[in-house]
Amino acid sequence: MCEISRIKNYILYLKKECGLSVSLHTNDYGETIMYGELSMFNIHDNSYCAYVKSCPDVWRHCVACQSAVKERCKSGPFEGVCHAGVREFVYPINNGNEIIGFISVSGYKAENGLQYQAAISHKYGLSPLELGGAYCSLKEKMPPREYVDTLIFPLCDMLELACIKAKAIPETEQCFGDKIQNYLKQNYMHNITSENICDHFHCSRTHMSRAFNAHSGMTIREYLTGVRIENAKHLLCHSELNVTEVAFSVGFGDSAYFSGLFKKAVGIAPLEYRKKNRKKNRFFD
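Residues numbered from 1 in each chain as written. Predicted model: local features only at pLDDT ≥ 70, side-chain atom pairs only at ≥ 80, totals over all residues. Heavy atoms only, no water.

## Considering the side chain of Arg 87
No. 1: Relative to the helices and strands, Arg 87 resides in strand E3 (residues 86–94).
No. 2: For Arg 87, the side chain forms a polar contact with the side chain of Glu 79, separated by 2.3 Å.
No. 3: Excluding anything up to four places from it in sequence, Arg 87 contacts Glu 79, Gly 80, Val 81, Val 105, Ser 106, Gly 107, Tyr 108, Lys 109, Ala 110 and Met 142. (Helix = DSSP H or I, 4+ residues; strand = E, 2+ residues; numbered from the N terminus. Polar contact = N/O pair within 3.5 Å; in protein donor to acceptor, adjacent residues only side chain to side chain. Contact = heavy atoms within 4.5 Å.)

Okay, structure coming up:
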């Protein structure tokens, strides 16, 4: 879908040329536009969020909060502070009939950031020193709301049009293997287990594994690793996250393990890949 490539390039433009940390968030299964190329924007690419989400309990809480954010979007765009103390602008994603998610322009410090840090450190056992160091990576001042509106409203329109066009295409019966692939693309950043997938699709592990292998010629783990590596490549090229932060952001719990898999799949180490591809000075893929 050519619209998706245009949306991807526009978001990359907003991130690099305009300095906006843009991410897309939707948990609605079946929204085709959120799979594939746009799935790379389903995470916040700043060091603070990467650090706090290295704690699985914090990540689960962040995901749980998305329903409330989407509900608030029914009243229109707004400015708010997340439970971890990050200020952000939030804009609804509409599919023509209803709000299916939201756009976040994030990465800014809250006025009472120390209180948020203390609360999250106490609740989840995170190191106050490391938490404070990561919080310093956030930007001090938010840009004017009018400036952000001017840049993000076109993105809202582009996403809505893509949703409407996707819905207008007659749907053939999607095979089970495709459904599993879409689930993995949308949730690759989480600690996905076979049990999670079986619970989601109400099937046995044996049926799931056989169906996916017959459809893709790969095991679920092999496919999931490939999705994670592709999204890691994007973060290495288009964010300032270090290798450990990239590893956690795409779903790996160990940076050394991630680096080994990355080198095996790509042929070079993550830092070498970053250096090589940034030298090309290419922004659009």
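## Examining the pattern of salt bridges
No. 1: All chains considered together, the criterion is met by nine salt bridges.
No. 2: When the shortest N-O distance is used, the salt bridge between Lys 74 and Glu 71 registers 3.1 Å.
No. 3: Taking relative accessible area as the criterion, Glu 71 reaches 46% and is therefore assigned partly exposed.
No. 4: Glu 140 serves as the salt-bridge partner of Lys 109, at 2.7 Å between the closest nitrogen and oxygen. With Lys 109 in strand E4 (residues 99–109) and Glu 140 in the loop between helix H5 (128–135) and helix H6 (145–168), this pair connects stretches of sequence that are 31 residues apart.
No. 5: Using a relative accessible area of 15% as the deciding quantity, one classes Lys 109 as buried.
No. 6: When its relative accessible area of 59% is taken as the criterion, Glu 140 is described as exposed. (Salt bridge = Lys/Arg side-chain N within 4 Å of Asp/Glu carboxyl O. Buried < 20%, exposed > 50% of the residue type's maximum accessible area, 1.4 Å probe, protein only.)

## As for the environment of Lys 53
No. 1: Mapped onto the secondary structure, Lys 53 falls in the loop between helix H2 (47–52) and helix H3 (56–72).
No. 2: Under the relative-accessibility criterion, Lys 53 is labelled buried at 15%.

## Some details on the sheet that holds strand E2 (residues 78–81)
No. 1: Sheet architecture is open: four strands sit in the order E1-E4-E3-E2, paired in antiparallel fashion. With one partner strand each, in any of the chains shown, strand E1 (21–25) and E2 form the two edges of the open sheet. Across the sheet, the mean angle separating the axes of adjacent strands is 30° when strand polarity is ignored.
No. 2: Two elements, E2 and E3, share four bridges in a ladder whose sense is antiparallel. Residue Gly 80 lies in a different strand from E3, and its bridge partner there is Glu 88.
No. 3: Against the sheet, H3 contacts E1, E2, E3 and E4, and its axis sits at roughly 105° relative to E4. (Pairing = 2+ DSSP bridges. Axes fitted to C-alpha atoms, helices over the stretch in contact; angles between N-to-C directions.)

## As for the side chain of Asn 277
No. 1: By the element assignment, Asn 277 lies in helix H13 (residues 270–279).
No. 2: For Asn 277, a relative accessible area of 15% translates into the label buried.
No. 3: A polar contact is formed between the side chain of Asn 277 and the backbone oxygen of Tyr 273, at a distance of 2.8 Å.

## What to know about the packing of helix H7 (residues 176–187) against helix H8 (residues 194–201)
No. 1: Running from amino to carboxyl end, H7 crosses H8 at an angle of 125°, the nearest separation of the two axes being 11 Å. It follows from the interaxial angle that H7 and H8 lie oblique. Crossing angle aside, the handedness with which H7 passes H8 is right-handed. Every residue of H8 that contacts H7 at Phe 176, Lys 179, Ile 180, Tyr 183 and Leu 184 is listed here: Asn 196, Ile 197, His 200 and Phe 201.
No. 2: Partitioning the contact of H7 with H8 into residue classes produces six nonpolar, two polar and one charged. (Parallel < 35°, antiparallel > 145°, perpendicular 65-115°, else oblique. Left-handed = near helix turned anticlockwise from the far one by under 90°. Nonpolar A, V, L, I, M, F, W, Y, C, P; charged D, E, K, R; others polar.)

## A look at the packing of aromatic side chains
By convention here, two paired aromatic rings are described through the distance between centres and the angle between planes.
No. 1: For the coordinates displayed, the defined rule picks out 10 aromatic pairs.
No. 2: Residues Phe 176 and Phe 201 carry aromatic rings whose centres are separated by 5.4 Å and whose planes lie at 85° to one another, so their mutual orientation is edge-to-face. Taken together, the residues span a long stretch of sequence, with Phe 176 in helix H7 and Phe 201 in helix H8 at a distance of 25 residues.
No. 3: Centroid distance Phe 262 to Tyr 273: 5.6 Å. Interplanar angle 75°. Geometry classified as edge-to-face. Pair noted here: Phe 262 is in helix H12 (residues 255–266) and Tyr 273 is in helix H13, with a separation of 11 residues, a long-range link. (Phe/Tyr/Trp six-rings, centres within 6.5 Å; stacked < 30°, edge-to-face > 60°.)

## Focus: helix H10 (residues 220–238)
No. 1: Its 19 residues give H10 an end-to-end C-alpha distance of 27 Å, which sits within 8% of 27 Å, the value for a rise of 1.5 Å per residue.
No. 2: Summarising burial for H10: 14 of the 19 residues are buried, a large majority. (Expected span 1.5 Å × (residues − 1).)

## A look at H7
No. 1: Between its terminal C-alpha atoms H7 stretches 17 Å, which fits the 16 Å expected from 12 residues at 1.5 Å a residue.
No. 2: Within H7, nine of the 12 residues are buried, which leaves the element mostly enclosed by the surrounding structure.
No. 3: Listing the buried residues of H7 in full gives Phe 176, Gly 177, Ile 180, Gln 181, Asn 182, Tyr 183, Leu 184, Gln 186 and Asn 187.
No. 4: On its buried face, H7 is in contact with H8, helix H9 (205–216) and H10.

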